[in-house]
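Observations on the three-dimensional arrangement
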Amino acid sequence: MKEIIAFIKKPNRCDLYLASWSLYYLQGTLYPESSSLSKILFLMNMLVAIYYVIYVNLHYKKPSLLNGLNILLVLFTIYGIILYVTRGTSFIVHGELLDSNLYLKAIYLSLFPVYPFYYFSLKGYLTSDKIRGWTMVFFIVTTCSFFYEQKKRIMQLVELGFDSDNVTNNTSYTFLSLIPFLVLYRKKMLLQYFGLAYCLYYIMIGMKRGAILIAVICLMFFLYDNFKNSSSPKKFALFLLTGCLILLGVTFISDTMMQNDYFQYRVTSTLEGNSSGRDEIYSHIWTVFENSNMFHYLFGYGAQGSFIMTAKFAHSDWLELLINQGLLGFIIYINYWKHYYISWRSAKNIEVKNILGLLLLIFLFKSIFSMSYASYTYYTNCLLGYCLANLYYNKKECV
């Protein structure tokens with residue numbers, strides 16, 4: 001609360017930037033989606049991000065992860081420009097109208113904001129206290145986005161004549177990004193575990209199997225880290241809270257399985273190896289790549305090449321890069337994750353290391369069966385920028 005009051009009394013430039021992004025992500029809830037306000041906010045926020053991308057690269061020694069990210073962004077930018085030059089602003093393929101601008105827009109929206117937050121952290125505008133003060137806002141924004149997405153999906157299903165109960169919600173992936181914030185609440189265990197239960201609840205009802213799988217992996221990492229870094233008296237309390245969390249989870253899953261036929265279907269189909277058609281998509285894309293000539297083998301079919309060649313997007317970063325940018329893109333993406341790993345392993349600040357470990361797990365696993373590099377939220381970038389600026393600070397700032 002004290003951090004929020006401080007923001008209201010005397011906001012710094014980082015607070016204003018976070019407020020602007022929060023307002024942008026509340027489109028559809030507070031104001032109409034794709035309205036003039038959302039376009040103005042997007043333009044303002046991205047201009048700030050672009051400025052700091054340039055400024056940070058020119059004036060600061062960068063951590064390993066930003067070096068890997070720079071190379072990846074150069075690759076995407078070159079391919080995005082080629083798409084725009086060769087295809088124009090939009091083009092029709094397989095009966096679908098594709099917007100060339102959306103390719104780079106999605107990537108820049110996802111990856112550029114880490115640079116201003118890295119700068120704000122170096123200058124002291126963004127601290128662990130500041131992040132804790134904003135975490136409640138991030139939870140509210142994500143919850144609003146979840147219900148807005150749920151409403152849209154239900155309306156789409158009704159229009160198509162399908163059962164409105166059969167809803168999967170992609171925002172459940174976004175709730176995964178909130179879990180690393182809870183590391184900063186190590187000394188407020190009840191609040192920490194309430195936040196964890198809150199995230200897990202929405203991940204479960206979102207019914208995205210990939211998000212649930214990653215959540216389980218993150219939960220094991222999170223609980224192990226909590227036990228490892230806690231004193232003996234606290235371990236008993238953690239044991240009780242963990243037991244309660246597991247009991248609530250098992251009860252919730254059991255009750256939902258009994259009451260929700262679609263949830264039961266999703267669980268059963270997963271156990272039976274049903275991948276919602278992803279195996280066919282993966283097989284098709286791999287066949288196209290395997291039968292490519294040497295040029296396409298090395299450099300791919302260009303931005304949005306997966307859809308152009310197969311009428312489907314890959315639903316996997318690795319295959320998407322392989323078909324779009326060929327072996328060149330695949331190798332650069334491996335290099336990016338290598339730098340991510342190096343930054344995590346080299347961190348001396350224990351809280352920062354644990355946060356980076358969770359972010360690494362979330363986005364690396366997400367890259368395998370979903371889109372990772374184009375799905376970073378502004379608050380994920382806020383936390384990542386803070387961590388990269390505090391890798392080597394041997395201090396514990398948790399409440």
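Residues numbered from 1 in each chain as written. Predicted model: local features only at pLDDT ≥ 70, side-chain atom pairs only at ≥ 80, totals over all residues. Heavy atoms only, no water.

Here we look at the overall build of the chain
Going by this rule: In DSSP terms, a helix is any run of H or I states spanning at least four residues, a strand is any run of E spanning at least two, and both are numbered starting from the N terminus. In this description the radius of gyration comes from C-alpha coordinates, and the expected globular size is given by 2.2 Å times residues to the power 0.38. Between buried and exposed lies partly exposed: a residue is buried under 20% and exposed over 50% of the maximum accessible area for its type, with that area taken using a 1.4 Å probe on protein chains only. Throughout, a residue-residue contact means that at least one pair of heavy atoms, one from each residue, lies within 4.5 Å. Per-residue and other accessible areas follow the Shrake-Rupley method at a 1.4 Å probe size, with only the shown protein chains counted as cover for residues. Neither His nor the chain ends contribute to the count of charged residues, in which Lys and Arg are positive and Asp and Glu negative. Where a charge sits is defined by one atom per residue type, namely NZ (Lys), CZ (Arg), CG (Asp) or CD (Glu).
Helices and strands together make up the secondary structure of the chain, namely 18 helices and two strands. Over its C-alpha trace the chain gives a radius of gyration of 21 Å, about what one expects of a compact globule, namely 21 Å for 399 residues. Based on the C-alpha atoms only, the size of the chain along its principal axes is roughly 65 × 60 × 40 Å. In the chain, which comprises 399 residues, the share counted as buried stands at 51%. Within the chain, counting contacts between residues at least 6 apart in sequence, those at least 24 apart form 75% of the total. Total accessible area computed for the chain in this model is approximately 19,300 Å², and 66% of it derives from carbon and sulfur atoms. Side-chain charges of the chain comprise 33 positive and 21 negative groups, with the mean position of each set lying 15 Å from the other.

Thoughts on unusual backbone geometry
Positioned with a positive phi, Ser34 is a non-glycine residue whose angle comes to about 60°. Within the fold, Ser34 resides in the loop between helix 2 (13–25) and helix 3 (36–59). Residue classification places Ser34 among the partly exposed positions, given a relative accessible area of 49%. In the Ramachandran plot, Gln304 falls in the positive-phi region, its phi being about 60° despite a non-glycine side chain. Mapped onto the elements of the fold, Gln304 is located in the loop between helix 14 (294–299) and helix 15 (305–310). Classification of Gln304 as buried rests on a relative accessible area of 8%.

Description of the packing of aromatic side chains
Stated formally: Only the six-membered ring of Trp is used, alongside the rings of Phe and Tyr, when aromatic pairs are assigned; centres must lie within 6.5 Å, and planes under 30 degrees apart are stacked while those over 60 apart are edge-to-face, with the rest tilted.
Tallied over the full model, the rule gives 52 aromatic pairs. Taking 6.2 Å as the distance between ring centres and 75° as the angle between the ring planes, the aromatic pair formed by Phe117 and Phe120 counts as edge-to-face. Of the two residues, Phe117 and Phe120 both sit in helix 6 (residues 114–122), three residues apart, roughly one turn of that helix. The pair formed by Phe117 and Phe120 is uniform in burial state, with each residue classed as buried. Judged by centre distance (6.3 Å) and plane angle (40°), the rings of Phe194 and Tyr198 are tilted.

Points about the pattern of salt bridges
Side-chain pairs of opposite charge can arise where the charged atoms are in close proximity. Which entries qualify depends on this criterion: Within this document, salt bridges are pairs made up of a side-chain nitrogen of Lys or Arg and a carboxyl oxygen of Asp or Glu, the two lying within 4 Å of each other.
Under the defined criterion, the tally for this structure stands at four salt bridges. Notably, a salt bridge pairs Arg186 with Asp225, separated by 3.2 Å at the nearest N-O pair. Of this pair, Arg186 sits in the loop between helix 8 (171–176) and helix 9 (189–206) while Asp225 is found in helix 10 (residues 209–228), placing the two residues 39 residues apart along the sequence. Like Asp225, Arg186 is buried.

Some details on the pairing of strand 1 (residues 90–93)
Our working definition: The pairing criterion is simple: DSSP has to find at least two bridges between the two strands.
Residues Phe91 and Val93 of strand 1 are buried on one face, while the alternating residues Ser90 and Ile92, pointing to the opposite face, are not. Between strand 1 and strand 2 (residues 96–99), which pair antiparallel one after the other, the connecting turn spans two residues, and His94 there sits at a positive phi close to 55°.

What about the confidence of the model for the chain?
Selection rule: Scored from 0 to 100, pLDDT reflects the predictor's confidence in each residue.
Here the chain averages 88 in pLDDT, while 92% of its residues score no lower than 70. Here helix 1 (residues 2–9) is the element of the chain with the lowest mean pLDDT, 56, and helix 6 is the one with the highest, 97. Contacts of residues 394–399 to residues separated by more than four positions or lying in other chains number 19 contacts, the stretch itself having pLDDT below 50.

Notes on helix 9
Put simply, the test is: Take the number of residues in a helix, subtract one, and multiply by 1.5 Å to get its expected span.
Taking 1.5 Å of rise per residue, 18 residues should cover 26 Å, and helix 9 covers 26 Å from first to last C-alpha, within 8% of that figure. Looking at helix 9, one finds that the buried residues are Met189, Gln192, Tyr193, Gly195, Leu196, Cys199, Leu200, Tyr202, Ile203, Met204 and Gly206. The positive-phi residue at the C-terminal boundary of helix 9 is Met207, with phi of around 60°.

Some thoughts on helix 7 (residues 128–160)
Because the α-helix completes a turn every 3.6 residues, residues three or four places apart line up on one side. Here is the rule we go by: Bend is computed residue by residue as the angle between axes fitted to the seven residues ending at the residue and the seven residues starting at it.
Here helix 7 spans 47 Å end to end across 33 residues, near enough to the 48 Å set by a 1.5 Å rise per residue. At Trp134, helix 7 is bent by approximately 35°, the largest bend along its length. Gly161 sits one or two residues past helix 7 and shows a positive phi near 85°.

Focus on the pairing of strand 2
For strand 1 and strand 2, the ladder comprises four bridges, and the chain directions are antiparallel. Residue Phe91 lies in a different strand from strand 2, and its bridge partner there is Leu98.

Describing the side chain of Arg186
Defined as follows: Identification of polar contacts relies on pairs of N or O atoms within 3.5 Å, with a donor-acceptor requirement for protein atoms, meaning one able to donate a hydrogen and the other able to accept it, and with residues adjacent in sequence counted only if both atoms are side-chain atoms.
With relative accessibility at 12%, the residue Arg186 sits in the buried group. For Arg186, the side chain forms a polar contact with the side chain of Asp225, separated by 3.2 Å. Beyond its immediate sequence surroundings of up to four residues, Arg186 is in contact with Gln192, Asp225, Asn226, Asn229, Glu351 and Asn354.

Thoughts on the packing of helix 16 (residues 317–346) against helix 17 (residues 350–369)
To keep it simple, the criterion reads: Between N-to-C directions, angles cover 0 to 180 degrees, with each direction set by a line fitted to C-alpha atoms, over the stretch in contact for helices. Roughly parallel refers to an angle under 35 degrees, roughly antiparallel to one over 145, roughly perpendicular to one between 65 and 115, and oblique to any angle outside these ranges. Each crossing gets its handedness from the near helix: less than a right angle anticlockwise from the far helix is left-handed, clockwise is right-handed. Note that Gly is not counted as nonpolar here; it falls among the polar residues with everything else outside the nonpolar set of Ala, Val, Leu, Ile, Met, Phe, Trp, Tyr, Cys and Pro and the charged set of Asp, Glu, Lys and Arg.
Contact pair helix 16 / helix 17: the axes reach a minimum separation of 11 Å and the direction vectors enclose 165°. With respect to their mutual orientation, helix 16 and helix 17 come out roughly antiparallel. The way helix 16 lies across helix 17 gives a crossing that is left-handed. Along its contact with helix 16, which presents Asp317, Trp318, Tyr333, Trp337, Tyr340, Tyr341, Ser343, Trp344 and Arg345, the element helix 17 presents Lys353, Leu356, Gly357, Leu359, Leu360, Phe363, Leu364, Ser367 and Ile368. Looking at side-chain class alone, the contact of helix 16 with helix 17 contains twelve nonpolar, three polar and three charged residues.

A closer look at the packing of helix 2 against helix 3
Between helix 2 and helix 3, the least distance of the axes is 9 Å, while the angle of their chain directions is 140°. Compared by their axis directions, helix 2 and helix 3 come out oblique. As helix 2 runs across helix 3, the sense of the crossing is left-handed. In contact with Arg13, Tyr17, Ser20, Trp21, Leu23 and Tyr24 of helix 2, helix 3 contributes Ser38, Leu41, Phe42, Asn45, Met46, Val48, Ala49 and Tyr52. A per-class count over the contact of helix 2 with helix 3 returns ten nonpolar, three polar and one charged.

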